[in-house]
Amino acid sequence: MPSAPPSVPLHIAIVMDGNGRWARQRFLPRLAGHAQGVESLRRCVRACVARGVQVLTVFAFSSENWSRPQEEVSGLMGLLAKALAREVPELSRDGVCVRFVGEKSSLSDGMRKGLEQAERLTVGNTRLVLNVCFNYGGRWDITQAAAQLAARGEVITEASLHAAMGLAHVPDPDLVIRTGGEMRISNFLLWQAAYSEFFFSERFWPDFDEAALDEAIACYGARERRFGRTSEQVRQAGAQPEALRA
Ligand code: IPE
Ligand code: IPE
Ligand code: MG
């Protein structure tokens, strides 16, 4: 895996918001915005690979998005199925390991099998881990992790809870980006974003291109991550975030 300069975040997480408004601006149905959102994701994955980002986590469908109009929900499910069939072979060729994070049990059998097959097909890839948060909510994740530990009679500690959560296979996100102009977390990575840097973009997700990604990365590179310490301590240590996190 090519190692990126330390100013490049190892793990980027994105709330891909603004598809509906992007479509409305063009007098198109909302689903056209979601379809364009898939294209934007494909471009973003390539850009992350090229910049040496090792983990990309995207919010694709929240626990709360089921309350949207039925037509939009089923359209989104259809888009995911289509994207799986079309994109997974190419992602695999590019060395991307795809993981789906979220509650799978309430999805249709066909959908669940599709997700699991994509995970199986790409499991050995090491260039980039792409976590797709689908039917995901931060509250769901914390609750299901606590329930797992309780069922196994295990002690609840930060470490044991973390290990039972949906993103236990990757380090916490360094940078969380939200497109679409809203400045809220909308039940995304409530646990894992404890010390992430945040970047909010006015652009709608379909318009979030390489230049916008580079702007977010540059902004991240100029931040000082203190993890509770003082600025002086950080500078004395000359430390990388990895050293400070410990
Ligand atoms: C984000 O775009 C995609 C999903 C939530 C599935 P939106 O559909 O929320 O777009 P806006 O916020 O209505 O513009
Ligand atoms: C968050 O966007 C969920 C995804 C991007 C998948 P929403 O559009 O659902 O968030 P709210 O409702 O504006 O907070
Ligand atoms: Mg939205």
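Note that this is a predicted model, so its numbers are computed, not measured.

**Digging into the overall build of the protein**
- A count of helices and strands for the protein gives nine helices and six strands.
- A compact globule built from 246 residues would reach a C-alpha radius of gyration of about 18 Å, and the protein, at 18 Å, matches this within 12%.
- When each of the 246 residues of the protein is scored for burial, the buried share is 47%.
- Across the protein, contacts joining residues at least 24 apart in sequence account for 73% of those joining residues at least 6 apart.
- Total accessible area on the protein stands at roughly 12300 Å², and carbon and sulfur atoms take up 54% of it.

**Remarks on the UniProt feature "active site" (unreviewed entry) in the protein**
- Within this numbering scheme, the UniProt entry marks Asp 17 and Asn 65 as carrying the feature "active site" (unreviewed entry). Look at the named residues: they lie 49 residues apart in sequence, but the longest C-alpha span between them is just 12.1 Å, so in the fold they bunch up.
- Assignment of secondary structure puts Asp 17 in the loop between β1 (11–15) and α1 (19–25).
- On the accessibility criterion, Asp 17 (18% relative accessible area) is buried.
- Aside from chain neighbours lying at most four places away, what touches Asp 17 is Arg 178, Thr 179, Gly 180, Glu 182, Arg 203, Phe 204 and Trp 205.
- A distance of 3.3 Å separates the side chain of Asp 17 from the side chain of Arg 21, its partner in a polar contact.
- As for its placement among the helices and strands, Asn 65 is situated in the loop between β2 (55–62) and α3 (70–93).
- A distance of 2.7 Å separates a polar atom in the side chain of Asn 65 from the backbone nitrogen of Ser 62.

**Digging into the site of ligand 2**
- Lining the immediate surroundings of ligand 2 are Val 15, Met 16, Asp 17, Phe 59, Ala 60, Phe 61, Asn 65, Arg 68, Arg 178, Arg 184 and Ser 186.
- Between an oxygen atom of ligand 2 and a side-chain N or O atom of Asn 65, the distance comes to 3.0 Å.
- Here an oxygen atom of ligand 2 sits 2.8 Å away from a polar atom, N or O, in the side chain of Arg 184.
- Notes on ligand 2: free accessible area 390 Å², of which the protein chains cover 77%.
- Sort the elements by how many residues they give to the shell around ligand 2 and β2 lands first, with three residues.

Cut-offs applied
- Residues numbered from 1 in each chain as written.
- Chains lettered and ligands numbered in written order.
- Predicted model: local features only at pLDDT ≥ 70, side-chain atom pairs only at ≥ 80, totals over all residues.
- Heavy atoms only, no water.
- Helix = DSSP H or I, 4+ residues; strand = E, 2+ residues; numbered from the N terminus.
- Rg over C-alpha atoms; globule rule 2.2 N^0.38 Å.
- Buried < 20%, exposed > 50% of the residue type's maximum accessible area, 1.4 Å probe, protein only.
- Contact = heavy atoms within 4.5 Å.
- Areas by Shrake-Rupley, 256 points an atom, 1.4 Å probe, with all protein chains shown as cover.
- UniProt positions renumbered as here; feature names shortened; annotations may be inferred.
- Polar contact = N/O pair within 3.5 Å; in protein donor to acceptor, adjacent residues only side chain to side chain.
- Near = heavy atom within 4 Å.

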